[in-house]
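Residue strings, one per chain:
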Amino acid sequence: MVQRDEVDQIVDAWRRERVDLDVEPLQVLSRVSRLARLLDQARGRAFTDHGLDGWEFDVLSALRRVGAPYELSPGALVQQTLVTSGTMTNRVDRLESRGLVERHPAPKDRRGVLVRLTTAGRDAVDAAMVELLEHERAILAHLPVRDRTALAGSLRTLLSAVENPTD
């Protein structure tokens, strides 16, 4: 017996009210949307437990992933976090005031700067990442490994199509 969820009720209601519409996309995308909201909430709790907002984790983790000395230009941070340069300047200012990042002159460009993760920033992002992975591992435990692998592949294909619509 297949378990029904809120999306099934929404789809059924639309099918009843608008028999002329093919509401099949809701079967997948409404679930993705609901799951995204719930995951954002769970991620927010993991970050808050370590004194971080989601945007702070995004910036700090971009720096952490690049490897030692954990530094990127503001432009590279903009690319990785998908925000405007003005927003990134504000975010770096706030992270710097908390002692989580530092600005350093770019060695090859006198006008440029590099944003570097501090030890406190690395400790905060590492701790938040451990907790985040614990939460996400627990969520995925409901799916067998083969289903996780298939789902990851399907989501990769879908995301690629949405991010690169001309490919």
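Residues numbered from 1 in each chain as written. Predicted model: local features only at pLDDT ≥ 70, side-chain atom pairs only at ≥ 80, totals over all residues. Heavy atoms only, no water.

The name given to the chain in an unreviewed UniProt entry is MarR family transcriptional regulator, with the source organism recorded as Flexivirga endophytica.

Asks: Looking at this structure, I do not really get helix H4 (residues 74-81). What am I missing?
Replies: The α-helix winds at 3.6 residues per turn, so residues separated by three or four positions along the chain end up facing the same way. Within H4, the full set of buried residues consists of Ala 76, Leu 77 and Thr 81. Along H4, the residues classed as buried sweep out an arc of 120 degrees about the axis, all on the same side. At its buried positions, H4 is contacted by helix H3 (54-65), strand E1 (71-72), helix H5 (85-97) and strand E3 (109-117). (Buried < 20%, exposed > 50% of the residue type's maximum accessible area, 1.4 Å probe, protein only. Helix = DSSP H or I, 4+ residues; strand = E, 2+ residues; numbered from the N terminus. Arc of directions from axis to C-beta. Contact = heavy atoms within 4.5 Å.)

Asks: How should I be thinking about the layout of surface pockets in this particular structure?
Replies: Empty space among the atoms becomes visible once a probe the size of a water molecule is rolled across them. Considering only enclosed or pocket space, the largest pocket measures out at about 770 Å³ in volume. Within the residue set of the lining of the largest pocket, elements represented by two or more residues are helix H1 (6-17), helix H2 (25-48), helix H6 (119-140) and helix H7 (145-163). For the lining of the largest pocket, the class distribution of residues is twelve nonpolar, two polar and six charged. If you trace the second largest pocket, you find it lined by Val 32, Ala 36, Leu 39, Asp 40, Arg 43, Leu 155, Arg 156, Leu 158, Leu 159 and Val 162. (1 Å grid on protein atoms, 1.4 Å probe; cavity = no way out; pocket = protein on both sides within 12 Å on 5 of 7 lines; lining within 4 Å. Points joined across faces, edges and corners; volume = space filled by probe spheres on them. Nonpolar A, V, L, I, M, F, W, Y, C, P; charged D, E, K, R; others polar.)

Asks: Looking at this structure, I do not really get the UniProt feature "domain: HTH marR-type" (unreviewed entry) in the chain. What am I missing?
Replies: Per the UniProt record, "domain: HTH marR-type" (unreviewed entry) is annotated on residues 22-160. Each end of residues 22-160 is marked by a C-alpha atom, and these two atoms are 24 Å apart; helix forms 68% of the span and strand 12%. (UniProt positions renumbered as here; feature names shortened; annotations may be inferred.)

Asks: Even after reading the chapter, I still don't get the packing of H4 against H5, so can you show me in this structure?
Replies: Two quantities define a packed helix pair, namely the angle between the axes and the distance from one axis to the other. At a minimum axis separation of 9 Å, H4 and H5 run at an interaxial angle of 110 degrees. As judged from the angle between their axes, H4 and H5 are roughly perpendicular. Facing H4, whose interface residues are Pro 74, Leu 77, Val 78 and Thr 81, H5 presents Ser 85, Met 88 and Val 92. Its residues assigned to classes, the contact of H4 with H5 shows five nonpolar, two polar and no charged. (Axes fitted to C-alpha atoms, helices over the stretch in contact; angles between N-to-C directions. Parallel < 35°, antiparallel > 145°, perpendicular 65-115°, else oblique.)

Asks: How should the sheet that holds E1 be read in this particular structure?
Replies: For sheets, the rule is that strands pair by backbone hydrogen bonds, running either parallel or antiparallel. Ordered in space as E1-E3-E2, the three strands form an open sheet in which the pairing is antiparallel. In this open sheet, the two edge strands, each paired with only one partner strand, are E1 and strand E2 (101-106). Pairing analysis gives two bridges linking E1 to E3, with the strands arranged antiparallel. Its bridge partner being in E3, Glu 71 is matched across the sheet by Arg 116. Along the sheet face, H5 touches E2 and E3 and points at about 120 degrees away from the line of E2. (Pairing = 2+ DSSP bridges.)

Asks: I would appreciate a short explanation of the side chain of Ser 30 in the present structure.
Replies: Checked against the element boundaries, Ser 30 lands in helix H2. On the basis of relative accessible area, Ser 30 is assigned to the buried category, the value being 18%. Apart from the residues within four sequence positions on either side, Ser 30 is in contact with Val 7 and Pro 25.

Asks: Just checking my understanding: could you explain the nonpolar core for this structure?
Replies: Looking at soluble globular proteins, one finds that nonpolar side chains tend to be buried together. Core analysis: the largest hydrophobic core is formed by 25 residues, its most contacted members being Leu 52, Phe 57, Leu 60, Leu 63, Leu 77, Leu 95 and Val 101. Of all the secondary-structure elements, those providing two or more residues to this core are H2, H3, H4, H5, E3 and H6. For this core, the leading source of residues is H3, giving six residues. When sequence neighbours within four positions are dropped, the list of residues in contact with Leu 77 reads Val 59, Ala 62, Leu 63, Leu 72, Met 88, Val 92 and Val 115. (Core = buried A, V, L, I, M, F, W, Y, C linked by side-chain atoms within 4.5 Å.)

Asks: When you look at the packing of aromatic side chains in this model, what are you seeing that I'm missing?
Replies: Remark: the centre distance and the inter-plane angle together describe each pair of aromatic rings, the angle taken between the planes. Taken as a whole, this structure holds one aromatic pair when the rule is applied. Residues Phe 47 and Phe 57 carry aromatic rings whose centres are separated by 4.3 Å and whose planes lie at 15 degrees to one another, so their mutual orientation is stacked. Taken together, the residues Phe 47 in helix H2 and Phe 57 in helix H3 connect sequence positions ten residues apart. Accessibility expressed as a relative area gives 5% for Phe 47, which makes it buried. (Phe/Tyr/Trp six-rings, centres within 6.5 Å; stacked < 30°, edge-to-face > 60°.)

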